[in-house]
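Observations on chain architecture
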Amino acid sequence: MRIGSPLQRIIWWSGWVVICGLFMTPLFRWRLRGWEKVPRTGNFFLLSNHTSAFDPVWVSWPIARRCSYMASAALFRIPVLGPIISTWGAFPKAKFVKDPEAMRTLTTLYERDEIIVMFPEGERTWDGRTRAVLPGIGRLVTRLGAKVVCGRILTGHMFQPRWAHWMRWVPIRCEHRVLDLDGSESPEEVNRLITEAITIDVDSIEAPPFSFGWRMAEGLPDYLWACPSCFELRSLEVAREDRNAVVCQACSARWTVDVACKLHGSTETTVARAHDALTRHFGERPRDALEGLCAQGEGNIAVIPRGSKAAPDVQATGTVRLTEKALTVGDWVLPLNQVQAVSVEIRNELWLYRGDTRYRLVPGTDSTLLWAHFLEKWRVVNEPTRPSVHS
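All of the points below concern the structure found in this document. The structure displayed is predicted, hence computed values, not measured ones.

**Side note on helix α1 (residues 6-28)**
At Cys20, α1 shows its largest kink, close to 40 degrees. If you check which residues of α1 are buried, you get Gln8, Trp12, Gly15, Trp16, Cys20, Met24 and Phe28. Considering only its buried residues, α1 is in contact with α2 (55-60), β3 (68-72), α3 (81-88) and α6 (156-159). Positive backbone phi, approximately 50 degrees, marks Arg29, located one or two places after α1.

What follows is the structure, encoded as structure tokens:
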């Protein structure tokens, strides 16, 4: 369905009134600020930090205008979700690689006076902290002379942490701000202004009143793939008697997770700072960790076709191993100096980009985030002049 067609407009507005107005308003309990200053006519880029799968709704609903959405190409491969978001006005963009077709679509829509919703970090945050704005955003804004409205979602990372299996019930605080651009700014200056407008300070944001959740630790061992205390790989597990807590099987350290993603127990910290401890510990000595880095259980590697409906084409099945020079799956070998990017997609699928080919790696029963970390570390070691792309 063509974005902006009469039928697509009817579907968008019907969904906005019925789904957002009647159902999502009491569910999300919006706390809004700055939306009244958003232009009522004309086109612009609506740019926001990316905290949750609900962000497109949270950032566009308050402005009460029909929008088009640039979304990860991986979303369009999901059988039910793909057609729904296409009808809602989304178009695909391949992550971390050039996508001329997506850029042509974006330019055409903007020239047709559409509002384009994008998330300039390029992917969702894992712990609420705002990532660096992609350098191409500033160039795109200056090339089109685009007007920019920024959204800042302050509590989305609490409502649905990317690593969590269950949502929490947290009021959504969202702010909008119109950037004052006169066209003389450099791409770097545009990026700086966007970064300033969408960045949130996770540590200073408290959970609003009447926030609650349950089974809040489920999924956390995938993100904290080693114990933040003893650094034993794969040692954290959700406590059987309390699904809001994790316990280390190696050193018995224990933490309880609260609705604001803070950890209470053996140490007082946050999910974000606990993950930082892992990356600091293993980032300086990847060879030590790789001495025994072999996937638990049988894994596989598959090519992801460009078509949105074609099934992945499995290339090899067997033991997954990672050395400082190559990834191997059984007898299949991928030199790391040929990997352009490492990305964790929706449903925690691990994708590798090699030229025009996209691979999906299943590392046995291991956390894909564990493998994404070390794949990226060794990818950068093999290609030190290339910019790092974190999962």
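**Thoughts on helix α5 (residues 135-144)**
Where α5 is concerned, the buried positions are Ile137, Gly138, Leu140, Val141 and Leu144. Mapping the buried residues of α5 onto a view down its axis gives an arc of 160 degrees, with all of them on the same face. Of the exposed residues in α5, the ones pointing more than 90 degrees away from its buried face are Pro135 and Arg143. Buried-residue contacts for α5 involve β2 (45-48), α4 (100-111), β5 (116-118), β6 (148-153) and α7 (187-198). Of the residues flanking the end of α5, it is Gly145, one or two places downstream, whose phi is positive at about 60 degrees.

**Some words on the nonpolar core**
Trp163, Trp225, Leu322, Leu327, Trp371 and Leu375 are the most contacted members of the largest nonpolar core, which has 49 residues in total. Ranked by residues supplied to this core, first place goes to helix α11 (residues 368-382) with seven residues. Once residues lying within four places of it in the same chain are set aside, the contact partners of Trp225 are Glu232, Leu233, Arg234, His275, Leu278, Phe282, Leu369, Leu370, His373 and Phe374. Counting 38 residues, the second largest nonpolar core, distinct from the first, contains Leu46, Ile85, Phe119 and Met158.

**Considering the packing of aromatic side chains**
Taken as a whole and judged by the stated rule, the model has 20 aromatic pairs. With a centroid separation of 5.5 Å and 85 degrees between ring planes, the pair formed by Trp58 and Phe159 is classed as edge-to-face. Placement of the pair is Trp58 in helix α2 and Phe159 in helix α6, with a sequence separation of 101 residues. Each member of the pair, Trp58 as well as Phe159, is classed as buried. Ring-pair connections join several aromatic residues into one group, and the members of that group are Phe28, Trp30, Phe54, Trp58, Trp61, Phe159, Trp169, Phe212 and Trp214.

**Remarks on the pattern of salt bridges**
Counting across every chain of the model gives 18 salt bridges. For Asp127, the salt bridge goes to Arg129, with nearest N and O atoms at 3.0 Å. The exposure class of Asp127 is buried, given its relative accessible area of 11%. The salt bridge partner of Arg347 is Glu349, with a shortest N-O separation of 3.8 Å. Connected through shared salt-bridge partners, Arg177, Glu189, Arg192 and Glu196 make up one network.

**Focus on the pairing of strand β4 (residues 90-93)**
Sheet topology note: the β3/β4 ladder contains four bridges and is parallel. Along β4, the bridge assignment pairs Tyr69 with Ala90. For the crossover that starts at β3, traverses α3 and ends in the parallel β4, the hand is right-handed.

**Describing the side chain of Glu218**
Here Glu218 lies in the loop between α7 and α8 (220-223). Residue Glu218 is classed as buried on the basis of its relative accessible area of 7%. A polar contact is formed between the side chain of Glu218 and the side chain of Arg215, at a distance of 2.8 Å. Ignoring anything within four residues of it in the chain, the contact list for Glu218 reads Trp163, Ala164, His165, Trp166, Val238 and Arg243.

**A word on unusual backbone geometry**
For residues besides glycine, phi is generally negative; the peptide bonds are generally trans as well. A positive phi is found at Ser252, a non-glycine position, where the angle reads about 70 degrees. With respect to the secondary-structure elements, Ser252 resides in the loop between β9 (245-248) and β10 (254-257). Residue classification places Ser252 among the exposed positions, given a relative accessible area of 56%.

**A short note on the sheet that holds strand β14 (residues 313-318)**
Taken in spatial order, the five strands make up an open sheet running β14-β13-β20-β19-β18, and their pairing is antiparallel. If you trace the sheet from one side to the other, it starts and ends with β14 and β18 (341-344), each paired once. Each adjacent strand pair in this sheet contributes to an overall mean axis angle of 25 degrees, direction not counted. Strand contacts of α11: β18, β19 (350-354) and β20 (357-362), with the helix running at about 165 degrees to β18, the strand carrying the most contacts.

What counts and how
- Residues numbered from 1 in each chain as written.
- Predicted model: local features only at pLDDT ≥ 70, side-chain atom pairs only at ≥ 80, totals over all residues.
- Heavy atoms only, no water.
- Bend = angle between axes of the 7 residues up to and from the residue.
- Helix = DSSP H or I, 4+ residues; strand = E, 2+ residues; numbered from the N terminus.
- Buried < 20%, exposed > 50% of the residue type's maximum accessible area, 1.4 Å probe, protein only.
- Contact = heavy atoms within 4.5 Å.
- Arc of directions from axis to C-beta.
- Core = buried A, V, L, I, M, F, W, Y, C linked by side-chain atoms within 4.5 Å.
- Phe/Tyr/Trp six-rings, centres within 6.5 Å; stacked < 30°, edge-to-face > 60°.
- Salt bridge = Lys/Arg side-chain N within 4 Å of Asp/Glu carboxyl O.
- Pairing = 2+ DSSP bridges.
- Right-handed = clockwise from strand over helix to strand, strands pointing away.
- Polar contact = N/O pair within 3.5 Å; in protein donor to acceptor, adjacent residues only side chain to side chain.
- Axes fitted to C-alpha atoms, helices over the stretch in contact; angles between N-to-C directions.

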